[in-house]
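Structural overview for review
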Amino acid sequence: QTPVGAGFAGPAVADGKLIQFHRIDNEEIVDCLNAVNGQPIWRARYDADYVDDFRFDNGPRAVPAIAGGRVFTHGAHGMVHAWDLKTGKALWKLDARTQFKAPKGFFGFACSPLVVGNTVLLNIGGAQAGIIGLDVASGKVRWRATEEPASYASPVLATINETQQAVFFTREGLVSVDPATGKVRFSHHWRPAMRASVNACTPVILGDLVFASTSYGKGATLLAVNGAELKTVWANDTSMSCHYSSCVMNNGLLFGFHGRQEAGADLRCVDFKTGRVHWSQPGLRSGTVTRAGDDLLVLTERGELIRAAASANEFQVKQRARITRGEVRAYPALAQGRFYFRDGETLRCLQLKQP
C-alpha cells in the first residue's frame, strides 16, 4: 500500500506497471509503479487548477489508458497528455477546455481515453467537437464529430453489423462513430428530463445489441442496431437504472447496481435480452462490479470486497472482507490475480486466492 492524492481515477495496469493518476496540492500527478511490489518507477506532474463547484474531490476523474508503450491521461480540467510508459517523458499535450471551448460540466472532465489504432478518442463536449480523435504520436486533431455535450461515461470499442465502431454514451445519449474518421454510424437520444442529471455508465454491447442505462427516472434501454436504424428491444426504469457504476455481463446476464447512490442502490442480476430481474440484493448501498471469469468482484463504497457467483440463481457469496475503512468511489483494476484499488488516501494491492 502507498499514500495517494485526490481523485476518482482508478489505477491502470499493463506490462507489469501500474499507472495512478491523482492530485497532490496544485498538481495533477502521474505515477508509474512496479505492479508487483509497488516500487516507484517514475513520476510526471503538471499544474492543476480545477475546483469542483459542488465541493467534491478536486482530483482527476478519468482512468488512464495504456497502449503502444504510451500512457494517455485526461485531467479534471480537460488537459490531455501522452507520456512514455518506460520513462515518463511527456510526449505531447492538449488543452481541450481552451482549444475547443469545452465547459467543465457539473463535475469536470471524466471521459477515459479510448485508443484505437493510431487514434485517441474522447468525449470532451466542445464546440463542433463533442467527440474528438487525436493522433497517437503527435496529439494533433485527426477529426471532430458532433456537438454532443460530455458525460461521465467512457467509450467502448465493438464490432456491430460486422463494422468496428466506438460507442459513446454522451450527456444526450448514445453515439457511435467510426474510430478512424469520426463518421457517425448511429445515434439515440437517451437523457433524463432533469437538468441536474448525468449519464455515467459505459454501454454494454453484445453482437448488434447495445445496452445503456442512467438514473434520475429515465432508466435503461436495449437497442438492436441495423446500420443507422435502431429498434428498441426493451426500455424501462425498473430493471437496471444505473447511477454511476457500469454493468458487466456474463452468459447473457447483466450485473450492476440499480438505483440512486444517495438512497442506497441494490445489486442486481438482469436478463440482458428481456430486462427481467432474476434477483436483487439490497443493503450494499453502491459500488463497482468487476467480472473475473464466472465470478463477480463487488467493491462497495463502504470498503467491502465481495466475491460472488455471476449466476442467475441467487446472490451467492463465496468470500467477503472489509478491505478499507475509507470511502471507495474509484474503479479497481485486476491483473495477474492481484486486485488494485484506492480509497480517499491509500492505493492498495491485494493478492486474491481461490476460496
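The structure under discussion appears in the preceding block.
1. A few points about the environment of G78
By the secondary structure assignment, G78 is in the loop between β7 (70–74) and β8 (79–84). Here G78 falls in the buried class, since its relative accessible area comes to 0%. Separated by 25 residues in sequence, G78 and P103 place their C-alpha atoms 9.1 Å apart. Once residues lying within four places of it in the same chain are set aside, the contact partners of G78 are L94, D95, A96, R97 and F109.

2. Here's the deal with the environment of A228
Locating A228 in the fold gives a position in the loop between β20 (220–226) and β21 (229–236). Put simply, A228 and S176 are 52 residues apart on the chain and 9.5 Å apart in space, counted from C-alpha to C-alpha. Residues within four places of A228 in sequence aside, it is in contact with R185 and F186.

3. Digging into the packing of aromatic side chains
Overall, the coordinates contain 12 aromatic pairs when judged by the stated rule. Note on F72 and W92: the rings are 6.2 Å apart at their centroids and 45° apart in plane angle, and the pair reads as tilted. Of this pair, F72 sits in strand β7 while W92 is found in strand β9 (residues 90–95), placing the two residues 20 residues apart along the sequence. Look at W92 and you get buried, because its relative accessible area is 8%. With a centroid separation of 6.1 Å and an interplanar angle of 45°, the aromatic rings of F211 and W234 are classed as tilted. With a gap of 23 residues between them, F211 in strand β19 (residues 209–213) and W234 in strand β21 connect regions that are remote in the sequence. Of the two residues, F211 and W234, both sit in the buried class. Each residue in the set F54, F56, F106, F107 and Y152 is aromatic and connected to the rest through ring pairs, giving one cluster. For the cation-ring pair, K218 lies above W190, with the distance from its terminal atom to the ring centre recorded as 4.3 Å.

Thresholds, definitions, all that
- Just so you know, the residues in each chain are numbered from 1, in the order the chain's sequence is written.
- Totals for whole chains, interfaces and linings use all residues, but because this is a predicted model, local features are given only for residues with pLDDT of at least 70 and pairs of side-chain atoms are given and counted only at 80 or more.
- Each side-chain value is derived from all of the structure's non-hydrogen atoms; neither hydrogens nor water enter the calculation.
- Only runs of H or I of at least four residues qualify as helices and only runs of E of at least two qualify as strands under DSSP, and these elements are numbered from the N terminus.
- In this scheme, a residue with accessible area under 20% of its type's maximum is buried, one over 50% is exposed, and one in between is partly exposed, where area comes from a 1.4 Å probe on protein chains only.
- Contacts between residues were defined by any pair of non-hydrogen atoms, one from each residue, lying within 4.5 Å.
- Note on ring pairs: Phe, Tyr and Trp rings are taken, using the six-membered ring of Trp, and paired if centres are within 6.5 Å. Classes follow the plane angle, with under 30 degrees stacked, over 60 edge-to-face and the rest tilted.
- Charge-over-ring placement is defined geometrically: NZ (Lys) or CZ (Arg) within 6 Å of the ring centre, and within 35 degrees of the ring normal.

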